[in-house]
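# An overview of the molecular structure
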Amino acid sequence: MPRLHLPPIPASDITPESLYLTRRQWMAAAGAAAGGLLLPAGTATAAEPASLGKLISSPFSVGDSRNSYDQITQYNNFYEFGTDKSDPAENAHTLKTRPWTVEIGGEVQKPRRFDLDELLKLAPLEERVYRLRCVEGWSMVIPWVGYSLAEVLKRVEPTSRAKFVEFTSLAAADQMPGVRSRVLAWPYTEGLRIDEAMHPLTMLVMGLYGKLLPNQNGAPIRLAVPWKYGFKSAKSLVRIRLVEQMPQTSWNRAAPSEYGFFSNVNPEVDHPRWSQASERRIGEFLKRKTLMFNGYVNDVGKLYSGMDLRRNF
Ligand SMILES: Nc1nc2c(c(=O)[nH]1)N[C@H]1C(S)=C(S)[C@@H](COP(=O)(O)O)O[C@H]1N2
Ligand SMILES: [Mo]
């Protein structure tokens, strides 16, 4: 596989305090990363960003120019930290991302709890530049680091009754001020059909721009499902369950007529309160046309053959 060398990130783009880990956290992250560099003692300082080392470049990456680190980390939706776009960057420093485990169970032969350090080395870390289209009508292009969710799911051996996958985010009121508000039913839950969850595009994300995820982007581990509206990509995951019935999702419970289970990006199916035909790419002046399945129609179109996507929105 080709190795990708990341372009240098200007120092001005990597100053947020949340990016700097303690020396111990950084050494742990660097050591755990696949192909992590062995650092001479004393190299890491408290101000060192948590680099994930060499990454495999993915054929799934899109060629669109990437949004800047600042754009990706300062304009977020993470309702556990507030509903304004600037709230996550302001408030997410209280999230404790270590120790962290993700419990995987339900309809599987080998249910178990995975530690974050284990997940960081479970499969080679890839950089994948994905589009993210928020249901609100804006989009970004984000270089995530991680690997296909299928890598983990196949290790727990789903049974034949596993038809759907439910994802649950952390809901800790002492760390997440937004959880005290009743905008959504907590914990934040999302779901995919099993074939969607096993599709190689569906990514378990642990990093951004070659470094560990900043808290506001869903540290320490989140989903990225690039052909669906952004809200399907649940952040700060603590639990994954394989289930027989279609799971409930937080957004569907909040507004069932507006947020269906599938939530595929679809310029032909408007949100009841606004058009989905076009979008504002953050940083651009003119709107662009929204692409069917967010541009991933060749990869995922066949998952939906024979389905009425107006009914199954
Ligand atoms: N737990 C949780 N996950 C979440 C959200 C949230 O509020 N809570 N917001 C979603 C929405 S609406 C979007 S658009 C994306 C935004 O991801 P980003 O902030 O990394 O761009 O996260 C999604 N995942
Ligand atoms: Mo969103």
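All figures in this text were calculated on a predicted structure; none of them were measured in a lab. (Residues numbered from 1 in each chain as written. Chains lettered and ligands numbered in written order. Predicted model: local features only at pLDDT ≥ 70, side-chain atom pairs only at ≥ 80, totals over all residues. Heavy atoms only, no water.)

## Let's talk about the pairing of strand S4 (residues 112-115)
Defined as follows: Two strands pair under a simple rule: DSSP has to find at least two bridges between them. We count a stretch as a helix when DSSP gives it H or I for four or more residues in a row; a strand needs E for two or more, and each element gets its number in order from the N terminus.
Bridge count for strand S3 (residues 101-106) against S4 is four bridges, and the pairing is antiparallel. By the bridge assignment for S4, Ile104 is matched with Arg112. Taking the residues that link successive antiparallel strands as the turn, the S3-S4 hairpin has five residues.

## Points about the site of ligand 1
To keep things clear, this is the line we draw: For this purpose, a residue is taken to be near a molecule or strand whenever a single non-hydrogen atom of the residue falls within 4 Å of it. The term polar contact refers here to a pair of N or O atoms within 3.5 Å; inside protein, the definition further demands a hydrogen-donor-capable atom paired with an acceptor-capable atom, and it admits residues adjacent in sequence only when both atoms are side-chain atoms. Note on areas: Shrake-Rupley, 1.4 Å probe, and residue coverage restricted to the protein chains presented here.
Taken together, 17 residues lie around ligand 1, and Asn76, Tyr79, Glu80, Arg222 and Lys235 are the ones closest in. Note that an oxygen atom of ligand 1 is positioned 2.7 Å from one of the backbone N or O atoms of Tyr79. One of the side-chain N or O atoms of Lys235 is found 2.7 Å from an oxygen atom in ligand 1. In isolation ligand 1 offers 530 Å² of accessible surface; the protein chains occlude 99% of this area.

## Here we look at the packing of aromatic side chains
Just so we agree on the cut-off: The pairing test for Phe, Tyr and Trp rings, Trp by its six-membered ring, is centres within 6.5 Å, and the orientation test on the planes gives stacked under 30 degrees, edge-to-face over 60, and tilted for anything in between. Partly exposed residues are those whose accessible area sits between 20% and 50% of the maximum for their type, while under 20% is buried and over 50% is exposed, using a 1.4 Å probe and protein chains only. Charges are assigned to positions over rings by a cutoff of 6 Å between ring centre and Lys NZ or Arg CZ, combined with an angular limit of 35 degrees from the ring normal.
Under the definition given, this model contains twelve aromatic pairs. Pairing Phe78 with Phe81 gives two aromatic rings, centres 4.9 Å apart and planes at 80°, and the pair type is edge-to-face. The class of Phe81 is buried, set by a relative accessible area of 1%. Relative to Tyr304, the ring of Phe293 lies with its centre 5.3 Å away and its plane at 20°, an arrangement referred to as stacked. Of this pair, Phe293 sits in the loop between strand S14 (288-289) and helix H8 (297-300) while Tyr304 sits in the segment after H8; the two residues are eleven residues apart in sequence, bridging distant segments of the chain. Each member of the pair, Phe293 together with Tyr304, is buried. What links up through ring pairs into an aromatic cluster is the set Phe164, Phe261, Phe262, Phe293 and Tyr304. Here the guanidinium or amino end of Arg112 rests over the ring plane of Phe114, the centre of that ring lying 4.0 Å away.

## Digging into the UniProt feature "binding site: Mo-molybdopterin" (unreviewed entry) in the chain
To keep things clear, this is the line we draw: UniProt positions are given in the numbering used here, feature names are shortened, and annotations may be inferred rather than shown by experiment. Residues are treated as being in contact if the distance between any of their heavy atoms lies within 4.5 Å.
According to UniProt, the "binding site: Mo-molybdopterin" (unreviewed entry) feature falls on Asn76, Tyr79, Glu80, Cys134, Ser169, Asn217, Arg222, Ser233, Ala234 and Lys235. Mapped onto the fold, Tyr79 is located in the loop between helix H2 (69-74) and helix H3 (87-91). By relative accessible area, which is 17% here, Tyr79 ends up buried. Contacts of Tyr79, omitting those with residues within four sequence positions, involve Glu136, Gly178, Val183, Leu184, Trp186 and Trp251. Here Ser233 is to be found in the loop between strand S11 (222-224) and strand S12 (237-243). Excluding anything up to four places from it in sequence, Ser233 contacts Arg222, Leu223, Ala224 and Val225. Here Val225 takes part through its backbone nitrogen, which lies 3.0 Å from a polar atom of the side chain of Ser233.

## So, the nonpolar core
Where a protein is soluble and globular, its nonpolar side chains tend to be buried together. Where we set the bar: To qualify as a nonpolar core, a set must consist of buried Ala, Val, Leu, Ile, Met, Phe, Trp, Tyr and Cys residues joined through side-chain atoms within 4.5 Å.
Among the nonpolar cores identified, the biggest contains 87 residues, and Trp144, Tyr147, Phe167, Ile221 and Trp227 are the most heavily contacted of them. Apart from the residues lying within four places of it in its own chain, the contact partners of Phe167 are Leu149, Tyr188, Thr189, Glu190, Gly191, Leu192, Leu223, Ala234, Leu237, Arg239 and Ile240.

## Describing the sheet that holds S12
Threshold: In this analysis an axis means a line fitted to C-alpha atoms, helices contributing only their contacting stretch, and an angle means the value between N-to-C directions, from 0 to 180 degrees.
Taken in spatial order, the five strands line up as S4-S3-S12-S7-S8 in an open sheet, and their pairing is mixed. Of all strands in the sheet, those with a lone pairing partner are S4 and strand S8 (189-193), marking the two edges. The average undirected angle you get between the axes of adjacent strands in this sheet is 20°. Alignment of strand S7 (residues 164-169) against S8, held across five bridges, turns out to be antiparallel.

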